[in-house]
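# Commentary on secondary and tertiary structure
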Amino acid sequence: MLCILTASKKLLVRRIFCVTLAMAVLIIIFLFSNQVNAASQQFSGSIAGWVGEHLHLLTREDITEKTARFEEVNLILRKLGHACGYLLLSAAVMAALSQFSLPLKRRLWIALLICVFCACCDEFHQLFVDGRTGQLLDVFWDSCGTIIGLEYSCLVILKHQERKRNVKNEKIIA
C-alpha cells in the first residue's frame, strides 16, 4: 500500500530537503576554502590548464611553464568559482526560504544577508588556513554570484506564480 502524505507532511519534507540542500552547498564551499594554499592552487591550476587548453586560451607551454597567461586564466577561474559557489548557495537559500510564507521581497533580503554573511565568515575563516588569506575582493565576487543567483531565483518564482495564476484562470473559465 502506498503511503499518502498529508499536505503538512509534504511541506515538512520539502522544508527539510531545501534547508539540507542549502547546508550541503555551504559545507562544500567551506571544504574548498579549508584547503591549504598548495592544494587549492593545484586543484584550480589543473582546472585552469584543462579549460585553457580546451578553449585554446593556453598552449601546452603555458601550462607546463606556468606563464603569465596561465596565471590570468587561473585567476579568472578562481573568481568565477567564488561567484558560482555563491550563486548556487543563494538559489538553495531562496528555495529553502520559499517553503515559508514570507513575501518575496523579504525572502530576497534575508537570502542576500545570509549569503553575504557566509561569504564574510568564509573569508575570515581563511585567515586561519595555512597559506590562505581572507580577501574583501573575494567577498565582492561571492556577492556578485549571490545577486545573480537571487535574480534567477526571483525569475523562477515569478514564472511559477504566473503559471499558477493561469491555471487558476483556466479553471474559472471552464
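Above this text you will find the structure in question.
A short tour of the structure in this document, coming up. (Residues numbered from 1 in each chain as written. Predicted model: local features only at pLDDT ≥ 70, side-chain atom pairs only at ≥ 80, totals over all residues. Heavy atoms only, no water.)

Here we come to helix H5 (residues 104-126). Here H5 is 23 residues long and its end C-alpha atoms lie 33 Å apart, about the 33 Å a rise of 1.5 Å per residue gives. Residues Leu104, Arg107, Ala111, Cys115, Cys118, Ala119, Asp122, Glu123, His125 and Gln126 constitute the buried set of H5. The elements touched by buried residues of H5 are helix H1 (7-33), helix H4 (68-97) and helix H6 (136-173). (Helix = DSSP H or I, 4+ residues; strand = E, 2+ residues; numbered from the N terminus. Expected span 1.5 Å × (residues − 1). Buried < 20%, exposed > 50% of the residue type's maximum accessible area, 1.4 Å probe, protein only. Contact = heavy atoms within 4.5 Å.)

In this section: a nonpolar patch on the surface. The grouping of Val19, Met23, Ile27, Phe30, Leu31 and Phe100 at the surface amounts to a nonpolar patch, some 530 Å² of accessible area in total. In this structure, Ile27 sits in helix H1. (Patch = residues over 30% accessible without salt bridge, like charges linked within 9 Å, V, L, I, M, F, W, Y side chains within 5 Å. Areas by Shrake-Rupley, 256 points an atom, 1.4 Å probe, with all protein chains shown as cover. Salt bridge = Lys/Arg side-chain N within 4 Å of Asp/Glu carboxyl O.)

Attention now moves to the side chain of Asp122. You can see Asp122 is positioned in helix H5. Despite being buried, Asp122 has no salt bridge partner; Arg132 is the closest side chain of opposite charge, sitting 6.7 Å away. With near-sequence residues (within four places) excluded, Asp122 lies in contact with Ile29, Phe30, Ser33 and Tyr86. (Lys, Arg positive; Asp, Glu negative; His and termini not counted.)

On to the pattern of salt bridges, then. Counted by the stated rule, this structure contains one salt bridge. When the shortest N-O distance is used, the salt bridge between Asp138 and Lys79 registers 2.5 Å. You can see Asp138 sitting in helix H6 and its partner Lys79 sitting in helix H4, a full 59 residues away along the chain. Note on accessibility: Asp138 and Lys79 belong to one class, buried.

The next point concerns helix H2 (residues 37-54). Taking 1.5 Å as the rise per residue, H2 with 18 residues should run 26 Å; its terminal C-alpha atoms sit 25 Å apart, in good agreement. Among all positions of H2, only Ser40, Ser44, Gly45, Ala48, Gly49, Val51 and Gly52 are buried. Along its buried surface, H2 packs onto helix H3 (60-65) and H4. Directly after H2, the chain includes His56, whose backbone phi takes a positive value near 60°.

Moving on: the side chain of Gln126. Mapped onto the elements of the fold, Gln126 is located in helix H5. With a relative accessible area of 3%, Gln126 lands in the buried category. There is a polar contact of 3.5 Å between the side chain of Gln126 and the side chain of Arg132. In contact with Gln126, other than residues within four places in its own chain, are Ser33, Arg132, Thr133 and Gly134. (Polar contact = N/O pair within 3.5 Å; in protein donor to acceptor, adjacent residues only side chain to side chain.)

Moving on, we come to the packing of H1 against H5. H5 packs onto H1 with a crossing angle of 25° between their chain directions and a minimal axis gap of 10 Å. Our classification of the angle between H1 and H5 gives roughly parallel. When you trace H1 past H5, the crossing you get is right-handed. Together, Leu26, Ile29, Phe30 and Ser33 of H1 and Cys118, Asp122, His125 and Gln126 of H5 make up the contact between the two elements. Grouping the constituent residues of the contact of H1 with H5 by class yields four nonpolar, three polar and one charged. (Axes fitted to C-alpha atoms, helices over the stretch in contact; angles between N-to-C directions. Parallel < 35°, antiparallel > 145°, perpendicular 65-115°, else oblique. Left-handed = near helix turned anticlockwise from the far one by under 90°. Nonpolar A, V, L, I, M, F, W, Y, C, P; charged D, E, K, R; others polar.)

At a minimum axis distance of 10 Å, the contact between H5 and H6 shows a crossing angle of 155°. Considering their axes alone, H5 and H6 lie roughly antiparallel with respect to each other. Seen from above, H5 lies across H6 with right-handed handedness. On H6, the residues that touch Leu104, Arg107, Leu108, Ala111, Leu112, Cys115, Val116, Ala119, Cys120 and Glu123 of H5 are Asp138, Val139, Asp142, Ser143, Thr146, Ile147, Leu150, Cys154, Ile157, Leu158 and Gln161. Classifying every residue of the contact of H5 with H6 by side-chain character gives 14 nonpolar, three polar and four charged.

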